Amino acid sequence: MNGIAVSAAHQTISVVTAAHRPDPQHLAAAYRSLVDQQLPPMWQWQWVIHGDADDLTSLPDVVRDDPRVSIGFSRRRGGPGVARTTALARAHGALIRTLDVDDMLVSDSLAAAIEILTVHPDVGWTTCPLLDLHPDGSHHAYDQEPPPGRSERRSLAASWSADPRAQRIHPSTLTLRRELVIALGGWMGLEVSEDQGLLLAADAVSPGYHLDRVGLIRRHHDQQMTRAPDFGADVAALRGLLAERAALLGAWTPGSPPPR
């Protein structure tokens, strides 16, 4: 394992990635997108990669040798949610950003999230529009992207519970305050929808903000989990659990007894 030491003079945003047998070219592209980030003064990034039953020996040398990259792995496969939550132990940033191993950040993506969370201290999380990148090199905007701006507590959960298809904010674009991620227990320990579960939980307890510009390039390819034949059925089977958790969190007031 390696990683840059915490500097008192800088604020850090930790980008958390789970990896299981990643394509080295995809991972190298994700790394380049981090190197190209245009951060505000006195900010730095840390990339925390956690192998899910994968020792990540296939990592490119340029990634492995960068002191801003922290590498770890679990010997038993627990899925992306468990891998990301385990990675939090090595993430020292005040902000936590998700990044799937095959996606890429737009050059001002981290700066845009940092700006909103700095200017609005009561906002706990941000999301942003994304572009889909297809194997033929074409790009396609994410359908029905919601309007930018502030999102009040429980507003996403309400619309998602009424119609999951109406919730077009993608959880792979999440940036959250570290305290919020830890308080919510990180990502849900599920095989699928672990990131949607975190988004709905964050919405239940804190206002958020949907940014006005694209911040993520989401790669489409044949090895994606979402291409598995049973993926849609697996997601549908968990919707009730995600909605129940969000409703209980949203009904709980700090200082009151836990929900019963």
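Residues numbered from 1 in each chain as written. Predicted model: local features only at pLDDT ≥ 70, side-chain atom pairs only at ≥ 80, totals over all residues. Heavy atoms only, no water.

Moving on, we come to the side chain of Thr173. In this structure, Thr173 sits in the loop between helix H5 (155-162) and strand S10 (175-177). Of note is the side chain of Thr173, whose polar atom sits 3.2 Å from the backbone nitrogen of Cys128. A polar atom in the side chain of Thr173 sits 2.8 Å from the backbone oxygen of His170. Leaving out residues up to four positions away in the same chain, Thr173 has contacts with Arg97, Thr98, Thr126, Thr127, Cys128, Leu130 and Leu216. (Helix = DSSP H or I, 4+ residues; strand = E, 2+ residues; numbered from the N terminus. Polar contact = N/O pair within 3.5 Å; in protein donor to acceptor, adjacent residues only side chain to side chain. Contact = heavy atoms within 4.5 Å.)

What follows is about the sheet that holds strand S1 (residues 11-19). Ordered by their spatial adjacency, eight strands build an open sheet running S3-S2-S1-S4-S10-S6-S11-S9, and the pairing between neighbours is mixed. Each of the sheet's edge strands pairs with one partner strand only, and the pair in question is strand S3 (69-74) and strand S9 (149-151). For this sheet, the mean inter-axis angle between neighbouring strands, taken without regard to orientation, is 20°. Relative to strand S11 (residues 208-210), S9 is paired through three bridges, and the arrangement is antiparallel. Of the residues in S11, the one forming a bridge with Ser151 is Gly208. (Pairing = 2+ DSSP bridges. Axes fitted to C-alpha atoms, helices over the stretch in contact; angles between N-to-C directions.)

The next subject is the sheet that holds strand S5 (residues 104-105). Hydrogen bonds between backbone atoms are what pair the strands of a sheet, whose relative direction is either parallel or antiparallel. The strand order across the open sheet built from four strands is S5-S12-S7-S8, with neighbouring strands paired in mixed fashion. Bordering the open sheet on either side are S5 and strand S8 (139-141), each of which pairs with just one other strand. In the sheet, strand S7 (residues 130-133) pairs with S8 via three bridges, with the strands oriented antiparallel. For Leu133, the partnering residue across the bridge sits in S8 and is His139.

Geometric descriptors of this kind do not, in isolation, establish any biological role.
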